[in-house]
Amino acid sequence: MKKTAPGTPPDDEAASSASAASLIDAKIASLADWRGKTLASVRALIRQADPDVVEEVKWRGVPVWSHAGMICTGETYKLAVKLTFAKGAALPDPAGLFNASLDGNTRRAIDLHEGAHLDTAAFKALIRAAVALNTAPKPKRTTT
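Okay, so let's go over this structure. Every value quoted in this text rests on a predicted model; they were computed, and no experiment measured them. (Residues numbered from 1 in each chain as written. Predicted model: local features only at pLDDT ≥ 70, side-chain atom pairs only at ≥ 80, totals over all residues. Heavy atoms only, no water.)

**Some words on the overall build of the chain**
To keep it simple, the criterion reads: Here a strand is any run of E in DSSP of at least two residues, a helix any run of H or I of at least four, and the numbering for each starts at the N terminus. Throughout this description, buried means an accessible area under 20% of the type-specific maximum (1.4 Å probe, protein chains only), exposed means over 50%, and partly exposed covers the range between. Contact between two residues is taken to exist if any of their heavy atoms lie within 4.5 Å; hydrogens are not considered. Areas reported as accessible are Shrake-Rupley estimates using a 1.4 Å probe. Residue values count occlusion only from the protein chains shown.
Across its full length, the chain holds three helices and five strands. Shown N-terminal to C-terminal, the secondary structure of the chain runs as helices and strands in the order α-α-β-β-β-β-β-α. Taking all 144 residues of the chain together, the buried fraction comes to 38%. Taking the contacts inside the chain whose residues are at least 6 apart along the sequence as the reference set, 49% of them involve residues at least 24 apart. As displayed, the chain offers around 8900 Å² of accessible surface, 54% of which is attributable to carbon and sulfur atoms.

**What to know about the sheet that holds strand β3 (residues 70–76)**
Here is the rule we go by: Two strands form a pair only when DSSP identifies at least two bridges running between them. Axis definition: a line fitted to C-alpha atoms, limited for helices to the stretch in contact. Angles are taken between N-to-C directions and run from 0 to 180 degrees.
Strand order in the open sheet made by the five strands is β1-β2-β3-β4-β5, with antiparallel pairing throughout. Two strands lie at the open edges of the sheet, namely β1 (54–58) and β5 (108–112), each paired on one side alone. Pairwise comparison of adjacent strand axes, ignoring direction, gives a mean angle of 20 degrees for this sheet. Pairing geometry for strand β2 (residues 62–66) and β3, over three bridges, is antiparallel. Looking at β3, one finds that S66 is bridged to M70. Each of β3, β4 (81–85) and β5 is contacted by helix α3 (residues 120–135), which is oriented at about 135 degrees to β3, the strand it contacts most.

Okay, structure coming up:
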């Protein structure tokens, strides 16, 4: 069995995913207020919407959910839990969930504040749309 130094992610993707899940569990547990509950709730919705989602931890402990590319991140701040969708500008948002980072050409975000209500059906639809965008066949480039 190959040994890795402490803090080094394992080579095996399944083990790495389990490690990331443990790190996200620890992050949620460390947030002993509404932010931990909100992050846990959002995480459960993401997993329900896409059972094949891959959990990762990047950028100093930020939870990241991916499927054939990044779906979104779950950053926690003093006054908000920010869910940033990597390709949010390309996603349909008929329920108007996106309420932050609206000026960019690529990303969009949902800022959840204490006591905020999230339309769970619309959120799951947004997750599924992000997965569909990530897994859609890429147009072939033609050279002339």
